[in-house]
Amino acid sequence: MATTVQAPQQVTAPVSVAPGLNRWWRVLGGVLMNLALGSLYAWSMFAGILKTDAEFATNTLAQLTLTFTISVFVFALAFVFAGRLQDKFGPLWISVAGGVLVSLGFFMSGRAHSLNELYLWF
């Protein structure tokens, strides 16, 4: 019985980069997202400073660090919600919306004059 040898077919890898979008923009976006996430953990640097601030001096350190607990809980819930939206709409616009919301939250937290405002805005 004679066997015939077929020429191998050329296999092309799927293109994962969107047309017109350089892959380095994705790297920059990932770095910026990690900076935003890291800024959450910088809270410990600000808690001691807030304790000495005149507006927050009457609060205990435990009351001030409750802000970190609330923000970690909200981040966890937002990640679940954003992950489902990302599956539906793609990562670009969900990442942009998340960055805008985190920036807005930090801006509003900077404007807080009481612990209740800080709890509600952060």
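Our subject is the structure that appears above.
Residues numbered from 1 in each chain as written. Predicted model: local features only at pLDDT ≥ 70, side-chain atom pairs only at ≥ 80, totals over all residues. Heavy atoms only, no water.

Some words on the overall build of the protein
(1) Moving on: Within the protein, the regular secondary structure consists of five helices and zero strands.
(2) Moving on: Seen in sequence order, the protein has helices and strands lined up from the N terminus as α-α-α-α-α.
(3) Moving on: Sorting the 122 residues of the protein into buried and exposed places 16% on the buried side.
(4) Moving on: Nonlocal contacts in the protein, meaning residues at least 24 apart in sequence, comprise 49% of its contacts between residues at least 6 apart.
(5) Moving on: Carbon together with sulfur atoms contributes 69% to the accessible area of the protein, which is approximately 9,800 Å² in total. (Helix = DSSP H or I, 4+ residues; strand = E, 2+ residues; numbered from the N terminus. Buried < 20%, exposed > 50% of the residue type's maximum accessible area, 1.4 Å probe, protein only. Contact = heavy atoms within 4.5 Å. Areas by Shrake-Rupley, 256 points an atom, 1.4 Å probe, with all protein chains shown as cover.)

Overview of helix α4 (residues 91-110)
(1) Moving on: Taking 1.5 Å as the rise per residue, α4 with 20 residues should run 28 Å; its terminal C-alpha atoms sit 28 Å apart, in good agreement.
(2) Moving on: Buried within α4 we find Ile 94, Gly 105 and Ser 109. Taken around the axis of α4, the buried residues stretch over an arc of 40 degrees, which confines them to a single face. For α4, the exposed residues set more than 90 degrees away from the buried face come down to Leu 92, Trp 93, Val 100 and Gly 110. (Expected span 1.5 Å × (residues − 1). Arc of directions from axis to C-beta.)

Thoughts on the packing of aromatic side chains
(1) Moving on: One pass over the structure, following the stated rule, counts two aromatic pairs.
(2) Moving on: Between Phe 75 and Phe 79, the aromatic rings sit 5.8 Å apart at their centres with planes inclined by 90 degrees, giving edge-to-face as the arrangement. With a gap of four residues between them, Phe 75 and Phe 79 both fall in helix α3 (residues 61-89), about one helical turn apart.
(3) Moving on: Taking relative accessible area as the criterion, Phe 75 reaches 17% and is therefore assigned buried.
(4) Moving on: Judged by its relative accessible area of 49%, Phe 79 is partly exposed. (Phe/Tyr/Trp six-rings, centres within 6.5 Å; stacked < 30°, edge-to-face > 60°.)

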